[in-house]
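Here are the chains, one letter per residue:
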Amino acid sequence: MTEAAAAPERRIVVLGVGNLLWADEGFGVRCVEALGDGWDFSPPIEVLDGGTLGLALVPLLLDATHVLLFDAVDHRGEPGSLLIARDAEVPRFMTSSKMNLHQAGMNDVLASLEMLGHRPQAFSLVGVQPVELADYGGSLTDAVRDQVPKALEIGLAELATWGVV
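Residues numbered from 1 in each chain as written. Predicted model: local features only at pLDDT ≥ 70, side-chain atom pairs only at ≥ 80, totals over all residues. Heavy atoms only, no water.

K.L.:
Talk me through the pairing of strand β5 (residues 122–128); I want residue IDs and the actual numbers.
P.N.:
With seven of its seven residues buried, β5 lies for the most part within the structure. In β5, alternate side chains face the same way, and those of Ala122, Ser124, Val126 and Val128 on one face and Phe123, Leu125 and Gly127 on the other are all buried. As defined by bridge partners, strand β3 (residues 66–72) adjoins β5 across seven bridges and the pair is classed as parallel. Across the sheet, residue aspartate 71 finds its bridge partner in β5, namely glycine 127. Bridge count between strand β4 (residues 82–86) and β5: five bridges; the pairing is antiparallel. What sits directly across from arginine 86, in β5, is serine 124. (Buried < 20%, exposed > 50% of the residue type's maximum accessible area, 1.4 Å probe, protein only. Helix = DSSP H or I, 4+ residues; strand = E, 2+ residues; numbered from the N terminus. Pairing = 2+ DSSP bridges.)

Here's what the structure looks like:
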């Protein structure tokens, strides 16, 4: 028999969430796609497309020490504007409307992690104020698509503060 592997000392999850079928709601997923296309990451960093997984994200984040989240959030700014929020600030921006009553949002994921006794050491959100959410089958609006490179720049700077080169 072999000993069980110890949990990693540090595990950084870069997560994009959202629904590609609802216009700017797909911002987070498009950000992690662009990261995957332009940069190579290796453990302890994982880049994940969380799409609309909802509570299925809980086991994927359960041992994460650092989480960088890309998402479309209502931060009351100008449409297409970006926001960076950290740690205790993050949940207040995770209250955006769900597309239906069966969806679980990121606040549900965060609450579930906390109920399981897990809180990442660092949690950062790079969010965009959506221009359009109700366009089923539409892609990102121009204003939001134009912010993807800047969002990646902010996200990479955030990773650098965590010691990721």
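K.L.:
Account for the packing of helix α1 (residues 27–38) against helix α5 (residues 148–161), with residues named and values stated.
P.N.:
Two packed helices can be described by the angle between their axes and the distance between those axes. Axis separation between α1 and α5 bottoms out at 10 Å; the angle between their running directions is 70 degrees. Put simply, α1 runs roughly perpendicular to α5. The hand of the α1/α5 crossing is right-handed. Packed against α1, whose contacting residues are Phe27, Cys31, Ala34 and Leu35, the element α5 presents Val148, Ala151, Leu152 and Leu156 at the interface. A per-class count over the contact of α1 with α5 returns eight nonpolar, no polar and no charged. (Axes fitted to C-alpha atoms, helices over the stretch in contact; angles between N-to-C directions. Parallel < 35°, antiparallel > 145°, perpendicular 65-115°, else oblique. Left-handed = near helix turned anticlockwise from the far one by under 90°. Contact = heavy atoms within 4.5 Å. Nonpolar A, V, L, I, M, F, W, Y, C, P; charged D, E, K, R; others polar.)

K.L.:
Explain the nonpolar core to me, and be specific about the residues and the numbers.
P.N.:
By size, the foremost hydrophobic cluster in this structure holds 22 residues, and its most contacted members are Leu15, Leu61, Leu69, Met94, Met106 and Leu125. Among the elements of the structure, β1 (12–17), α2 (58–61), β3, β4, α3 (106–115) and β5 are those that each provide at least two residues to this core. Counting residues per element, this core draws most heavily on α3, at four residues. Not counting chain neighbours up to four residues away, the residues in contact with leucine 15 comprise Val32, Leu48, Gly50, Leu57, Leu61, Leu68, Leu69, Phe70 and Met106. One finds Val14, Ala122, Leu159 and Val164 within the second-largest nonpolar core, a separate group that totals 21 residues. (Core = buried A, V, L, I, M, F, W, Y, C linked by side-chain atoms within 4.5 Å.)

K.L.:
I'd like a description of the pattern of salt bridges, backed by residues and values.
P.N.:
Counted by the stated rule, this structure contains eight salt bridges. With a shortest N-O distance of 2.4 Å, arginine 11 and aspartate 63 are connected by a salt bridge. Separated by 52 residues along the polypeptide, arginine 11 in the segment before β1 and aspartate 63 in the loop between α2 and β3 bring together distant segments of the chain. Judged by its relative accessible area of 33%, aspartate 63 falls in the partly exposed class. Note that aspartate 74 is salt-bridged to arginine 76, the shortest N-O span being 2.2 Å. The partly exposed category is assigned to aspartate 74, whose relative accessible area is 34%. It is possible to trace a salt-bridge network through shared partners that takes in Arg11, Glu46 and Asp63. (Salt bridge = Lys/Arg side-chain N within 4 Å of Asp/Glu carboxyl O.)

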